[in-house]
Amino acid sequence: MQKAISKYWPVFVLPTLIAFIIGFIWPFIWGIYLSFQRFTTVSKTTFVGIQNYISVFQDATFLHAFGFTAAFTVVSTVLINVCAFAIALALTRGIRGTNIFRTVYFMPNLIGGILLGYIWQILLNGVLANLQKPLLALDAKAGFIGLVILMCWQQIGYMMIIYVAGLQSVPGDLIEAAKIDGANDREILFKIKIPMVMPSVTICTFLTLTNSFKLFDQNVALTAGEPANASEMLALNIYNTFYGRSGAQWKGIGQAKAVVFFLIVVVISLIQLHFTRSKEVQQ
């Protein structure tokens, strides 16, 4: 069997590799090339050097979208992971109906982003109207809070499943030994359980961090960047630049924004992975 796999592995790898090159690698390389061009169609381009990248950092809407996205990412990442871990901790204590609770908490993750955004837009606008407050499209602060609520509601259940798996992998003998030594619940949590589930923390933090930075569907459906692009996140800003602005220069600037956006997400993700994995090594 091993000899057959060694002999015929290209037959199985090649189709996937070709699809990956066509669907990801080639468009990515072509996108980097276009970020240095001025164009209206990809067949008619004019090289402009780094002018598109200079224009990116001169665009006030992009800088505001970056600040808004960064603030949203920090708040949502902390809330999602803290709430998901707390729920996972409660659901690994042997309470009745645990499987039902896990299923119910996970279900929001199955709903599409666009549909979820419109559902929460109706709910939140109804609440704001009853409180005689400006609607989401008229209040950037309410839009920010609405996006955080939506993201938490969708992602907490998924991260909870990962934390549950991590907590269940903690050796019971270790906890029993700690109790025999006189450790209380708080000491067991902070000195045994949390250190032991650091691999789960790494995964969940990475997922919530990248998902928050890349948020697009929910942003479009919930606020559409209103009022006056005040609640516009980076992905939506790139989309609006590329498709929403007239003029040949904006296509290239939009593509340059996409490259900058990619680099920002990669750098932040690598820093996060290095930090959380270093905690795993120290244990």
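Residues numbered from 1 in each chain as written. Predicted model: local features only at pLDDT ≥ 70, side-chain atom pairs only at ≥ 80, totals over all residues. Heavy atoms only, no water.

Caption draft 1: Spatial organisation of the overall build of the chain. Counting its regular elements, the chain contains 12 helices and 2 strands. A buried classification covers 39% of the 283 residues belonging to the chain. Within the chain, counting contacts between residues at least 6 apart in sequence, those at least 24 apart form 72% of the total. Working note: accessible area of the chain is about 16,300 Å², and carbon and sulfur atoms make up 69% of it. One way to put it: in the chain the 19 positive side-chain charges average out to a point 9 Å from where the 11 negative ones average out. (Helix = DSSP H or I, 4+ residues; strand = E, 2+ residues; numbered from the N terminus. Buried < 20%, exposed > 50% of the residue type's maximum accessible area, 1.4 Å probe, protein only. Contact = heavy atoms within 4.5 Å. Areas by Shrake-Rupley, 256 points an atom, 1.4 Å probe, with all protein chains shown as cover. Lys, Arg positive; Asp, Glu negative; His and termini not counted. Charge placed at Lys NZ, Arg CZ, Asp CG, Glu CD.)

Caption draft 2: Up close: the pattern of salt bridges. Under the criterion given, the structure shown has 1 salt bridge. Two residues, Lys257 and Asp59, come together in a salt bridge whose shortest N-O distance is 2.6 Å. Taken together, the residues span a long stretch of sequence, with Lys257 in helix 12 (residues 248–282) and Asp59 in the loop between helix 2 (51–58) and helix 3 (60–91) at a distance of 198 residues. Residue classification places Lys257 among the buried positions, given a relative accessible area of 0%. (Salt bridge = Lys/Arg side-chain N within 4 Å of Asp/Glu carboxyl O.)

Caption draft 3: Region of the structure containing unusual backbone geometry. The omega torsion across Glu226 and Pro227 is 0 degrees, close enough to zero to call that bond cis. At Ala228, a position not held by glycine, the phi torsion is positive, near 50 degrees. For Ala228, the position within the fold is in the loop between helix 10 (217–222) and helix 11 (234–244). In the Ramachandran plot, Asn229 falls in the positive-phi region, its phi being about 65 degrees despite a non-glycine side chain. Its place among the elements puts Asn229 in the loop between helix 10 and helix 11. Classification of Asn229 as partly exposed rests on a relative accessible area of 34%.

Caption draft 4: Representation of helix 8 (residues 185–196) within the structure. Buried within helix 8 are the following residues: Ile188, Leu189, Ile192 and Lys193. Summarising the axial view, the buried residues of helix 8 lie within an arc of 130 degrees, below the 170-degree limit, and thus occupy one face. In helix 8, the exposed positions angled more than 90 degrees off the buried face are occupied by Arg186 and Lys191. Of the surrounding elements, those touching the buried residues of helix 8 are helix 3, helix 6 (140–168) and helix 7 (172–180). At the N-terminal boundary of helix 8, the capping side chain belongs to Asn184, with an oxygen 3.2 Å from the backbone nitrogen of Arg186. (Arc of directions from axis to C-beta. Polar contact = N/O pair within 3.5 Å; in protein donor to acceptor, adjacent residues only side chain to side chain.)

Caption draft 5: Geometry of the confidence of the model for the chain. Here the chain averages 87 in pLDDT, and 96% of its residues register 70 or above. The weakest mean pLDDT in the chain belongs to helix 4 (residues 98–106) at 79; the strongest belongs to helix 3 at 94. (pLDDT = per-residue confidence, 0-100.)

Caption draft 6: Representation of the side chain of Asn237 in the model. Take Asn237: it is sitting in helix 11. In this structure the side chain of Asn237 is engaged in a polar contact, spanning 3.2 Å, whose partner is the side chain of Thr61.

Caption draft 7: Examining the packing of aromatic side chains more closely. This model, assessed by the stated rule, comprises 16 aromatic pairs. Note on Phe39 and Phe242: the rings are 6.2 Å apart at their centroids and 55 degrees apart in plane angle, and the pair reads as tilted. On the criterion of sequence distance, the pair formed by Phe39 in strand 1 (residues 37–41) and Phe242 in helix 11 is long-range, its members being 203 residues apart. An aromatic cluster of three or more residues is present, and its members are Phe39, Phe216, Tyr239, Phe242 and Tyr243. (Phe/Tyr/Trp six-rings, centres within 6.5 Å; stacked < 30°, edge-to-face > 60°.)

Caption draft 8: Local environment of the pairing of strand 1. In this sheet, strand 2 (residues 44–47) lies alongside strand 1 in antiparallel orientation, the contact comprising 4 bridges. Residue Phe39 lies in a different strand from strand 2, and its bridge partner there is Thr45. (Pairing = 2+ DSSP bridges.)

Caption draft 9: Examining the layout of surface pockets more closely. In this structure, the largest pocket encloses a volume near 370 Å³. Lining the largest pocket we find 16 residues, and of these Phe28, Ala258, Val259, Phe261 and Phe262 sit closest to its centre. Sorting the residues of the lining of the largest pocket by element identifies helix 1 (2–34), helix 11 and helix 12 as the ones contributing at least two each. Of all the elements, helix 12 adds the most residues to the lining of the largest pocket, at 7 residues. (1 Å grid on protein atoms, 1.4 Å probe; cavity = no way out; pocket = protein on both sides within 12 Å on 5 of 7 lines; lining within 4 Å. Points joined across faces, edges and corners; volume = space filled by probe spheres on them.)

Caption draft 10: Looking closely at the UniProt feature "transmembrane region" (unreviewed entry) in the chain. Mapped onto the present numbering, the UniProt feature "transmembrane region" (unreviewed entry) falls on residues 12–33, 65–91, 103–123, 143–167, 188–209 and 258–275. Between the end C-alpha atoms of residues 65–91 the distance is 38 Å, and the span holds 100% helix and 0% strand. The distance from the first to the last C-alpha atom of residues 103–123 is 23 Å, and the span holds 71% helix and 0% strand. (UniProt positions renumbered as here; feature names shortened; annotations may be inferred.)

Caption draft 11: Broad picture of the environment of Leu79. Looking at where Leu79 falls in the secondary structure, it is placed in helix 3. Through-space distance from the C-alpha of Leu79 to that of Val148 is 8.7 Å; in sequence the pair is 69 residues apart.

Caption draft 12: Representation of the side chain of Gln154 within the structure. Position of Gln154 among the secondary structure elements: in helix 6. We classify Gln154 as buried; its relative accessible area is 6%. Within the structure, Gln154 has its side chain in polar contact with the backbone oxygen of Ile111 (distance 3.4 Å). A distance of 2.7 Å separates a polar atom in the side chain of Gln154 from a polar atom in the side chain of Gln218. Dropping the residues within four chain positions of it, Gln154 is found in contact with Pro108, Asn109, Ile111, Leu116 and Gln218.

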